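The primary structure of each chain is shown beneath.
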Amino acid sequence: MADKYERMLELLLQADDWVTATELAEQLGVTTRSVRSYVAAAKTAAHPLAPLTASTAGYRINREAYAEFIAVSRERGASAETPQDRVHHIVRRLTETSAGLDVHGLADTLFVSESTLEADLRRVKAFADESGATVERRGSRVALAGSEGARRRLLSRLLQSEMTQGILDLETIEQEFALSGLGAFKTELIQELDGAGFFVNEYGIDAVILHVAIAVDRARRDQHLPAGGATVVPERHVPIVEILTRLAREHFAVELTPADTDYLARLLVTRVIAPGNGPAGDAHVDEDDLATVRRIVDQVLEEYGVDFHDDAFVARLAIHLGNLVARARENAHTRNPLTRSIKSSYPMIFDIAVFIASIVQRERGITVDDDEISYIALHLGSHLERLSRREERVSCTIVCPSYYDLHAILRTRVERELGSEVSVEFVVTRTDVDPRELTSDLVISTIPTVAVREGVVIVQPFLTDDDIDAIRAGISRVRRHRRRVRIADELLEYFDASLFFVPPPGDDPESIIRGLGAALVEAGVVDEPYVAAALERERMSSTAFTEALAVPHAMGLTAERTAIALALSPTPIPWGDARVSVIAFIAFSAEGRARFQPLFDQFVEVFAARRDVAELVRESSDFDSFIAQLAQLIESG
């Protein structure tokens, strides 16, 4: 129950509004009765903080109480109450001894039955296997076998698995290893690296700080990496080794061996830093990586019509590719706290990243997970953002009755603050203006009576900060409406009654993809290899782009025409790490993809709000009612 309870708190933390017991039950895969039991249990001694607010509207997180709940949860008592706590306890003890542990005594220490302990040991074994270590059993003794590096990876993987929303907390690491001053160490490390000419990736540095804490803890126990296992650090990275050695001595009063600092330097080089301006600014780009990225850029242009031909971008991505391959071959997992938001907010960029990752995975014989795919997406997105022009400006009319030069002052302020977002077409200085005759996208008016049409923002004659915020919100509404109109005009033509299913033709991702694929094959849209390619794409990375929508598809453009086979599930279906109610199998043709691609992000956006999706599914008993509900959902957005 404790694990479900904490997952429920995480879901509430992501919500901005009240969440009903039904919505929570769907996302947790339990009954509403179970949700109510979790809440009731939260009021007991097991969860005395109970960071929840309940009302007839549902449940909402008390963020201050939640922060305190997390802080208290970090303080592990002598007794480990949950499976996660017990696994944590067992891993720590196994990594601290080479003699092994007696399972009977371990069960007594943890106050659990031996059958429960055996289940915990299976989870420990899974962690160990992923880290390159082995759990060995001889009679009643269990021991951890593997290199010192594997033990450190095991500790890192364990702690990263316990992160809240993919974010490592320095206070938690300090408590875990009885250290203090990790924050000061991190600050000085970043400053020193910057001074040595390196750019620092803040998204990954906390994972390396975790490895630093592990190295310090192991060094205090006189458990070092073997000297023979160290890889010679290139000359240009010698400053990193020197920085790490000195800072470890100054902050933690511990002497790390050359093998320890070499290992940490490699972690920094492959995970956190890139050459910047300064002594380390001349980056060495591997020619094979450079050739691979150039070929990938050609294929992306051919498949997606997006041009990444830029020497600086290709060089940066080639360096990232080399580091990615190094991480994969060392079995070193790097979490990305932005993975979920990137996937749901920028599905097309994420899909291009999956395409790139699939090529790298196949050619280099490695496995690329969602976190690594998200880092590729960050490279793609940042490059496109640098190149993209600002979204088309919103046309605007200012209504401000003439009084000296008040209207001119208002226009000047609007253009100074918002000139990149709005284009002022007219300035109306009369009080008897008919707002229905104003054709601009947005009307900024100092007269309240003008607000009888959509797209009007009432402001003060002298703009306040709140007025500026209100205008920006109005601009966002106009742009959102534009996008939704484009969807309404174009999206519906891709649906067909013969490709509509309630409930889905299967009960898990693979069977549903096969069922929807069979319908597309029968309709002459795709062939069997296309369905197989969609399954391969799904295994590469889950296509659950939001908490409610999965969009399975193949990466090739071999469909006869672009079409969508759609299934609605009144009971949400586990799909990757989400539970979806809408599955849209999209078949892309070479001709149709160029037309559909600009709609892809907006299509996902329509299904972003679980509450809206739940209503859509509930009211769509057949194809006609689905189309009506979808059109209504698009317009109301």
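Reference entry: report on the structure contained in this document. (Residues numbered from 1 in each chain as written. Predicted model: local features only at pLDDT ≥ 70, side-chain atom pairs only at ≥ 80, totals over all residues. Heavy atoms only, no water.)

With that out of the way, let us pick up the overall build of the protein chain. Scanning the protein chain from terminus to terminus reveals 25 helices and 15 strands. For the protein chain, restricting intrachain contacts to residue pairs at least 6 apart in sequence, the fraction spanning at least 24 positions comes to 72%. As presented, the protein chain carries roughly 29,400 Å² of accessible surface, and 50% of it is formed by carbon and sulfur atoms. (Helix = DSSP H or I, 4+ residues; strand = E, 2+ residues; numbered from the N terminus. Contact = heavy atoms within 4.5 Å. Areas by Shrake-Rupley, 256 points an atom, 1.4 Å probe, with all protein chains shown as cover.)

So, on to the pattern of salt bridges. For the coordinates displayed, the defined rule picks out 31 salt bridges. The partner of arginine 611 in a salt bridge is glutamate 23, and the shortest N-O contact between them spans 2.7 Å. Residue arginine 611 is located in helix H24 (residues 610-619), and its partner glutamate 23 is located in helix H2 (residues 21-28); the two are separated by 588 residues in the primary sequence. Judged by its relative accessible area of 40%, arginine 611 is partly exposed. On the basis of relative accessible area, glutamate 23 is assigned to the buried category, the value being 11%. (Salt bridge = Lys/Arg side-chain N within 4 Å of Asp/Glu carboxyl O. Buried < 20%, exposed > 50% of the residue type's maximum accessible area, 1.4 Å probe, protein only.)

With respect to the helices and strands, the residue serine 358 is situated in helix H17 (residues 347-364). Since its relative accessible area comes to 10%, serine 358 is described here as buried. A polar side-chain atom of serine 358 sits 2.6 Å from the main-chain carbonyl oxygen of phenylalanine 355. Residues contacting serine 358, with those up to four places away along its chain left out, are Met540 and Met555. (Polar contact = N/O pair within 3.5 Å; in protein donor to acceptor, adjacent residues only side chain to side chain.)

Secondary-structure assignment places phenylalanine 588 in strand E15 (residues 578-589). Overall, the relative accessible area of 1% leaves phenylalanine 588 in the buried class. For phenylalanine 588 and tyrosine 530, which are 58 residues apart along the polypeptide, the C-alpha to C-alpha distance reads 9.7 Å. Not counting residues up to four positions away in its chain, the partners in contact with phenylalanine 588 are Tyr530, His553, Ala554, Gly556, Leu557, Thr558, Ala559, Thr562, Arg593, Phe596 and Phe600.

Here the focus is the side chain of arginine 218. Within the fold, arginine 218 resides in helix H11 (residues 202-220). Classification of arginine 218 by relative accessible area gives buried; the value is 2%. In this structure the side chain of arginine 218 is engaged in a polar contact, spanning 2.8 Å, whose partner is the side chain of glutamate 148. With sequence-adjacent residues up to four places away left out, arginine 218 is seen in contact with Thr95, Glu96, Glu148, Arg151, Arg152, Leu155 and Gln223.

Our next topic: the environment of serine 402. Considering the arrangement of structural elements, one finds serine 402 in the loop between strand E8 (394-399) and helix H19 (406-418). Considered as a pair, serine 402 and arginine 430 are 28 residues apart in the sequence and their alpha carbons are 6.9 Å apart. Excluding residues that lie within four positions of it along the chain, serine 402 makes contacts with His407 and Thr429.

On to the pairing of strand E4 (residues 134-138). Judged from the five bridges that link them, E4 and strand E5 (residues 141-145) form a sheet pairing that is antiparallel. The residue bridging threonine 134 from the neighbouring strand is alanine 145, located in E5. Here E4 folds back onto E5, and the loop between the two strands holds two residues, one of which, glycine 139, carries a positive phi near 65 degrees. (Pairing = 2+ DSSP bridges.)

This part covers the packing of aromatic side chains. Both the distance between ring centres and the angle between the ring planes are used here to describe each pair of aromatic rings. Enumeration according to the criterion identifies ten aromatic pairs in this entry. Ring centres of phenylalanine 495 and phenylalanine 626 lie 5.5 Å apart, and the angle between their planes is 80 degrees; on these two criteria the pair is classed as edge-to-face. Residue phenylalanine 495 is located in the loop between helix H20 (465-490) and strand E12 (500-501), and its partner phenylalanine 626 is located in helix H25 (residues 623-636); the two are separated by 131 residues in the primary sequence. When sorted by exposure, phenylalanine 495 lands in the same class as phenylalanine 626, which is buried. (Phe/Tyr/Trp six-rings, centres within 6.5 Å; stacked < 30°, edge-to-face > 60°.)

In contact at an axis separation of 9 Å, helix H12 (residues 238-252) and helix H13 (residues 258-271) are set at 120 degrees when each is read in the N-to-C sense. By the criterion of interaxial angle, the relationship of H12 to H13 is oblique. In this structure, H12 meets H13 at a crossing whose hand is right-handed. Contacts between H12 and H13 involve Ile240, Val241, Leu244 and Thr245 from the first element and Thr261, Asp262, Leu264, Ala265, Leu268 and Val269 from the second. For the contact of H12 with H13, the per-class residue count stands at seven nonpolar, two polar and one charged. (Axes fitted to C-alpha atoms, helices over the stretch in contact; angles between N-to-C directions. Parallel < 35°, antiparallel > 145°, perpendicular 65-115°, else oblique. Left-handed = near helix turned anticlockwise from the far one by under 90°. Nonpolar A, V, L, I, M, F, W, Y, C, P; charged D, E, K, R; others polar.)

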